Structure formats: C-alpha cells, structure tokens
Amino acid sequence: METATGYARGMLLNAEAAKAGQPRAPGADSPAPARESVVPNPESDPKIAVAGLNFYYGPNRVLDGVTLKIHPNQVTALIGPSGCGKSTFLRSLNRMNDIVPGTRVEGSILIDGQDIYAPSVDVVDLRRRVGMVFQKSNPFPKSIFENVAYGLRINRMTRSREELGGRVEASLKAAALWDEVRDRLHASALSLSGGQQQRLCIARALAVEPEILLMDEPASALDPIATQRIEELVYQLKDRYTIVIVTHNMQQAARVSDVTAFFWLGKLIESDLTNKIFTAPAEKLTEDYVTGRFG
C-alpha cells in the first residue's frame, strides 16, 4: 500500500513541478505536500448535476446509474480504461449522442437547474452553451479567420465586420494562438501545425461564448510541446469556464484538474479532489488504476 501510494504521490508532485516550471521530483516516493485542489463549496449550486444516468446504445447499457456534480470554474477530469464510458458520458452533457441512432437516456442531467433532455430544450442553443473539443483536431477547410468566425456568423452573434473581427481576435487570444497567426489570418487553417489546429478548434468553440467546455482527449495526438501548451491553456481557461476533460494520461489529469472522476465498466466508481484521488482514494479499484496495476 505504501509503495502504491508513494507512486501516486510522486506522480502528482511531478505534475505540480511541471506546472510550476520546476524540475520533476527525483523519485516516486519524494516527500512533499500534494497540491491543493479547489474545494467546491457544498452550499453552492453545481453547474452540472447528473443523477441516475443510464445510457444505452440499442440494447447495450454503457452507463450505469452515474451520479455526479460538477461545480463552476473547475476542471473535472474523467479517467478510466478504454471502453468504460468516459466519452459517452462527456457527449451526453451536450447531447452529441443524439446523432447516433438507437440511443436512449434514463435519469437526468441538469445544467443550471434545467433538464437538458426536456422536450422544450433547444439543442442548437445547448451546444452553443456547452462547447466541444474533440480528440482529433477538425478545422474546416477555410481560412483561420473564417474557422473562428463560423459559429458567430451562423448564430448571427455580430452586427458588423468590425465587431466580427474583434470577436475573432479575442477568441484567438483566449486560445493562446493570436500571436502566432495574427499576420496570416486569411491563410488556410490546414497549414497550421497539429497543436495550432487544436488551439484553433478551441478558439472556434470559445467564439460563441459557451459556459461549459467539454474536451475529449484534446492532446492525445499531439507532441509533448503542443501537449504542454494545451494543458497550460486548460488551466488558464477555468477562470472563465467550467471544463470537463477526458484523458487516459494520469499525469495530465494530475496537472490540469481540480476534481477527478474514475469510471470503470460504465459505472462511476469514485470522484473527489484530484490530490485525494491520486494519494488516498477511497476505493481499492481506484487505487489499482491510478497506480498502474491495470488499465
């Protein structure tokens, strides 16, 4: 038990050192305090409240009784082995799964107290409020400018070209991309590097002023330097957005998240502050996963 806990603690410390730009801890058991995650106020209302969520693809139940509260201005990381339901859960938060034939939902998902599966919900507006960044960057075959402007145009969110240009610039700055592309806004988005394309997709999502940002392994296809840029961006964006991120990378979860939720076989096994999940999880199954005994 001590070795496993020491391993997880060392991993968390290394993640904190990387975030602070310091050398990594020399060994997994290096003693030092774990990082402080932001503690949700138990009296405050959650941004997202999921209760008794069952999700079906045809006859197959892929989420089983998931209940989870996600608080505003925090990064919540969803971890677990492949096929455990993390991405399905993420996509259920803005009803992206609706486009898959034969799906069915039981239970409730409330955003700001509103049931997003109620018949009266405008799904287009929901997806504007709850933006999505996918695992593989998917820029449109348009210019950098038009990629970011796309959502603003179709939602008629600007009244003049000057306002449109200002919103595009602000979104690119928020995605930490403006300085790299300001002189080539009318170049093809496909000319950007992989990491730049992913930040462009984040800028495109931010342009329509979402309240929540969902990220499905946004750095899994990127090199280490681009991954670091995405992680730094995620950490900065939580001041303005509620962020839910799926990751298979334990170090990444430790670096960027305040809360970590562990899924296994469609069930939410445990969720808690990230430092507790990685150093003193309540469930043996969680400990076995975060220490690499399976996954």
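Just so it is clear, the structure is predicted and the values come from calculations on it, not from any experiment.

Considering the arrangement of structural elements, one finds N54 in strand β1 (residues 48-57). Under the relative-accessibility criterion, N54 is labelled buried at 12%. A distance of 2.6 Å separates the side chain of N54 from the backbone nitrogen of G65, its partner in a polar contact. Residue contacts for N54: discarding those within four places in its chain leaves R61, L63, D64, G65, R104, V105 and E106.

This brings us to the packing of aromatic side chains. Here the structure, examined in full by the defined rule, presents four aromatic pairs. Taking 5.3 Å as the distance between ring centres and 45° as the angle between the ring planes, the aromatic pair formed by F89 and F263 counts as tilted. Of this pair, F89 sits in helix α2 (residues 86-92) while F263 sits in strand β9 (residues 259-264); the two residues are 174 residues apart in sequence, bridging distant segments of the chain. Neither residue differs from the other here; F89 and F263 are each classed as buried. On the basis of an interplanar angle of 20° and a centroid distance of 5.1 Å, the ring pair of F262 and Y289 is categorised as stacked.

This paragraph deals with the sheet that holds strand β3 (residues 75-79). The six strands lie next to each other as β6-β7-β8-β3-β9-β10, forming an open sheet whose pairing is mixed. Two strands in the sheet have a free side with no partner beyond their single neighbour: β6 (130-133) and β10 (267-273). Strand-to-strand twist in this sheet, taken as the mean axis angle between neighbours without regard to direction, amounts to 15°. Where strand β7 (residues 212-216) and strand β8 (residues 242-246) come together, five bridges link them in parallel fashion. Within β8, the residue paired with L213 across the bridge is I243. Of the strands in this sheet, β6 and β7 are in contact with helix α7 (residues 194-207), which crosses β6 at around 170°.

Turning next to the side chain of T88. Tracing the sequence through the fold places T88 in helix α2. Look past the residues within four positions of T88 in its chain and what remains in contact with it is F55, Y57, V62, L63 and N97.

This paragraph deals with the nonpolar core. Counting 47 residues, the largest nonpolar core has L172, L200, I202, L213, M215, L237 and I243 as the members making the most contacts within it. If you tally residues by element for this core, the top one is α7, at six residues. Setting aside chain neighbours within four positions, we find L213 in contact with G131, V133, A205, L206, L237, T242, I243 and V244. With 28 residues, the next largest nonpolar core counts F89, L90, L126 and F263 among its residues.

Relative to the helices and strands, G58 is located in the loop between β1 and β2 (60-70). Sequence separation of G58 and G102 is 44 residues, and the distance between their C-alpha atoms is 4.9 Å.

Further remarks concern the packing of α7 against helix α8 (residues 224-237). At a closest axis distance of 9 Å, the pairing of α7 and α8 adopts a crossing angle of 20°. The angle between α7 and α8 places the two elements in the roughly parallel class. Classified by chirality, the crossing of α8 by α7 is right-handed. Here α7 contributes G195, Q198, R199, I202 and L206 to the contact with α8, which in turn contributes A226, R229, I230, L233 and L237.

Conventions adopted
Residues numbered from 1 in each chain as written. Predicted model: local features only at pLDDT ≥ 70, side-chain atom pairs only at ≥ 80, totals over all residues. Heavy atoms only, no water. Helix = DSSP H or I, 4+ residues; strand = E, 2+ residues; numbered from the N terminus. Buried < 20%, exposed > 50% of the residue type's maximum accessible area, 1.4 Å probe, protein only. Polar contact = N/O pair within 3.5 Å; in protein donor to acceptor, adjacent residues only side chain to side chain. Contact = heavy atoms within 4.5 Å. Phe/Tyr/Trp six-rings, centres within 6.5 Å; stacked < 30°, edge-to-face > 60°. Pairing = 2+ DSSP bridges. Axes fitted to C-alpha atoms, helices over the stretch in contact; angles between N-to-C directions. Core = buried A, V, L, I, M, F, W, Y, C linked by side-chain atoms within 4.5 Å. Parallel < 35°, antiparallel > 145°, perpendicular 65-115°, else oblique. Left-handed = near helix turned anticlockwise from the far one by under 90°.

So, to be careful, I would describe these as geometric facts and stop short of saying anything about function.
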